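# Commentary on secondary and tertiary structure
For reference, the chains in residue letters:
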Amino acid sequence: MEEHKESTGRWWTLALVALAQLLVVLDGTIVNIALPSADADLGLGEASRHWVITAYLLTFGGLLLIGGRISSAIGHRRAFVIGLLGFAVPSLIGGLAWNAEMLIAARALQGAFAALLAPAALSLLAMTFTEASERGRAFGVFAAVGAAGSAIGLLLGGALTDFASWRWCLYINVPIAVIVAIGAALIPRTPGVKQSGRIDVFGALLSAGGIAAIVIGISQLDGQQVSVPVVTALIGGGLVLLVAFVLVERAVPDPILPLTILTNRARAGSFISIALMFLAMFGFYLFMSYYMQAQLGYSPLNAGLVLLIHAVAALLGSMVIAGRLLSRVSPAALVVSGLLAAAAGLAVLTFLNAGSTNVLAIYLVPAMVLTGLGMGLVITATASTATEGVAAHKIGAASAAYNASQQLGAAIGVALLNTVAVISSTEYMATSAASDDGAIVHGYTTALAVSAGILVAAAILAGILMRRREHSASQHSLPEHQNEPTYGS
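The rules behind each value
Residues numbered from 1 in each chain as written. Predicted model: local features only at pLDDT ≥ 70, side-chain atom pairs only at ≥ 80, totals over all residues. Heavy atoms only, no water. Helix = DSSP H or I, 4+ residues; strand = E, 2+ residues; numbered from the N terminus. Buried < 20%, exposed > 50% of the residue type's maximum accessible area, 1.4 Å probe, protein only. Contact = heavy atoms within 4.5 Å. Areas by Shrake-Rupley, 256 points an atom, 1.4 Å probe, with all protein chains shown as cover. Axes fitted to C-alpha atoms, helices over the stretch in contact; angles between N-to-C directions. Parallel < 35°, antiparallel > 145°, perpendicular 65-115°, else oblique. Left-handed = near helix turned anticlockwise from the far one by under 90°. Phe/Tyr/Trp six-rings, centres within 6.5 Å; stacked < 30°, edge-to-face > 60°. Patch = residues over 30% accessible without salt bridge, like charges linked within 9 Å, V, L, I, M, F, W, Y side chains within 5 Å. Salt bridge = Lys/Arg side-chain N within 4 Å of Asp/Glu carboxyl O. pLDDT = per-residue confidence, 0-100. Expected span 1.5 Å × (residues − 1). Polar contact = N/O pair within 3.5 Å; in protein donor to acceptor, adjacent residues only side chain to side chain. Core = buried A, V, L, I, M, F, W, Y, C linked by side-chain atoms within 4.5 Å. Nonpolar A, V, L, I, M, F, W, Y, C, P; charged D, E, K, R; others polar.

Below, the discussion takes up the overall build of the protein chain. Scanning the protein chain from terminus to terminus reveals 15 helices and two strands. Relative to its full complement of 489 residues, the protein chain shows a buried share of 56%. Partitioning the intrachain contacts of the protein chain with sequence separation of at least 6 by distance along the chain shows that 85% fall at a separation of at least 24. A total accessible area of about 18700 Å² is found for the protein chain, and carbon and sulfur atoms account for 67% of it.

Put into structure tokens, the structure is as follows:
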């Protein structure tokens, strides 16, 4: 009886963590399809509209490390609830926004609370499911939500924009967050881990500043008048800050990101793989949203329905394939296969042009299936590997680093690939007699070709770093006290 009760509690935890993950992932994309409507309502402008997406990704990714540390210090369940309720408030503010500045600020604040919520959720999952068979199924569900959630966000955004208003893309978060926070009362309490020193605020500021400078620098490249010195200073300064961050983490007694987490090759490979996957896929979501609506004339809802194919494929890839195979095959096999499948899906779209016919059947459906399957495989294997065998006092940091890899990849991807698309489109227009639509589609396909190349490179790196699974994933991240528990080893 007690064992049944404990099992029920574990799956209840999984359900709540999955809903929280859905909330976080949805908001990375739900406003993509709503952007044209929000733009018309608030006058965002071509130069600043991507900041509605980037502001969220930037604060989310930049603050994740300190969010993971706070989660460990106050207890993951408490951090989970605070993150949920905090997320609901700026969602309401953003829905009420009457100008572009207010909307972008609300999105940035959403990202800040997501930076506390996401590592708390993944930490709860890693601590709850430690047996290999259950861990595969649990992380399959978690990955399914992560992989399909982005596409579901686009579908939901389209439906809400068509039948209500773009503002409901933000309002919808409020009831979900409150319901999950109430349900979290049934999750077993996790005590805070006593830290050996002060929170590494300086390290957190260096990492957040470095990430922000690089993303802002890349985003400046698509402006009408690019200032090379400014862009160089931002990107170069960001890299210097990140190098300083690594040096600080090596020197401080209680780092916000223990570097021993990164010395495990399989774990490092999982961080790199998920970062590059999100870099490629968030550009894909942005381009497909605009291409289907502006060039193909789809309504927001119909565009979202096409992306639902991607979501269903992601569910199959994560739950049906990766969830069952995770305990039987090397994570490297799943990650490399997933990256190559996604690359093939993006490659299909590079053959598009303004005159393409039968676009849905010949191009969109194959691309959605392949990218969805790829994401499902990669997220399942990398999420499990990133937290496997990590000591109790480092689980929050490992979870935060994994989420930070995703958000850093997504933020850079939106800025970088949007820049590639704009520059390619402008140059194509200047050197040919192409129509506006022809130049725009050329920009999209060029950026998607770059994305496919990045995924192939990621597959090669993953194959090298993850090809041999260590005897224990924790051998390079041993706890300070040898009897301290690890999770999922």
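All right, on to the packing of helix α10 (residues 265-295) against helix α13 (residues 359-387) then. One way to put it is that α10 packs onto α13 with a least axis distance of 10 Å and a crossing angle of 155 degrees. What the angle tells us is that α10 and α13 run roughly antiparallel. Regarding α10 and α13, the two cross each other, and that crossing is left-handed.

Attention now moves to the packing of aromatic side chains. With the rule as written, the count across this model stands at six aromatic pairs. Aromatic side chains W168 and Y171 sit 5.1 Å apart centroid to centroid with 80 degrees between the ring planes, which places their arrangement in the edge-to-face category. Of this pair, W168 and Y171 are both found in helix α6 (residues 168-171), three residues apart, which corresponds to roughly one turn of the helix. W168 gets classed as partly exposed once you look at its relative accessible area, which sits at 43%. What makes Y171 buried here is its relative accessible area of 17%. Three or more aromatic residues joined by ring pairs form one cluster here, namely F278, F282, F284 and Y285.

Assignment of secondary structure puts L339 in helix α12 (residues 331-349). Placed 115 residues apart in sequence, L339 and I454 show a C-alpha to C-alpha distance of 9.5 Å. When neighbours within four sequence positions are excluded, L339 is seen to be in contact with S273, M277, V378, L455, A458, A459 and A462.

Once that is clear, we can look at a nonpolar patch on the surface. Residues I152, L305, L308, V312, L315, L316, M319, V320, I321, L325 and V329 make up a contiguous nonpolar surface patch of about 780 Å² in total accessible area. Considering the arrangement of structural elements, one finds L325 in helix α11 (residues 300-325).

Per-residue pLDDT for the protein chain averages 78, and the proportion of residues at 70 or more is 83%. Mean pLDDT across the secondary structure elements of the protein chain bottoms out at strand β2 (residues 486-487), with 46, and peaks at α12, with 93. This stretch, residues 1-5, has a pLDDT under 50; its non-local contacts, to residues over four places away or in other chains, come to zero contacts. Taken as a whole, residues 469-487 scores under 50 in pLDDT and shows 47 contacts with residues more than four places along the chain or in a different chain.

What follows covers the environment of I53. Structurally, I53 can be placed in helix α2 (residues 51-74). Separated by 23 residues in the primary sequence, I53 and I30 have C-alpha atoms spaced 9.4 Å apart.

Time to look at α12. If you check α12, its first and last C-alpha atoms are 28 Å apart, about what 19 residues at 1.5 Å a residue would give, namely 27 Å. On its buried side, α12 packs onto α10, α11, α13 and α15 (436-466). Capping the start of α12 is the job of one residue whose side-chain oxygen sits 3.1 Å from the backbone nitrogen of A332: S330.

Turning our attention to α10. Counted at 1.5 Å a residue, the expected span for α10 with its 31 residues is 45 Å, and the 44 Å between its end C-alpha atoms agrees. Burial of α10 is extensive: 27 of the 31 residues sit out of reach of the surface. Just past α10, the residue G297 takes up positive phi, approximately 75 degrees.

What follows is about the nonpolar core. F80 and F284 are the most contacted members of the largest nonpolar core, which totals 131 residues. Counting residues per element, this core draws most heavily on α10, at 16 residues. Once you skip the residues sitting within four places of it in the chain, F284 turns out to touch L307, H310, L346, L349, M368, T371 and L448.

It is worth spelling out the packing of α2 against helix α3 (residues 76-95) at this point. It is the contact of α2 with α3, at a shortest axis distance of 9 Å, that shows an interaxial angle of 145 degrees. Relative to α3, α2 is oriented so that their crossing is right-handed. The segment α2 lies against α3, with Y56, S71, S72 and I74 engaging H76, R78, A79, I82 and F87. Class assignment of the residues belonging to the contact of α2 with α3 gives a composition of five nonpolar, three polar and one charged.

This paragraph deals with the side chain of S91. Here S91 is to be found in helix α3. Setting aside residues up to four positions removed in sequence, S91 forms contacts with Q110, L170, Y171, N173 and V174.

A negative phi angle characterises most non-glycine residues, just as the trans form characterises most peptide bonds. Phi at N358 takes a positive value of approximately 50 degrees, unusual for a residue other than glycine. Residue placement: N358 occurs in the loop between α12 and α13.

Moving on, we get to the environment of P119. Note that P119 resides in helix α4 (residues 100-128). You can call P119 buried: its relative accessible area is 0%. Taking the C-alpha atoms as reference, P119 lies 8.5 Å from F80; in sequence the two are 39 residues apart.

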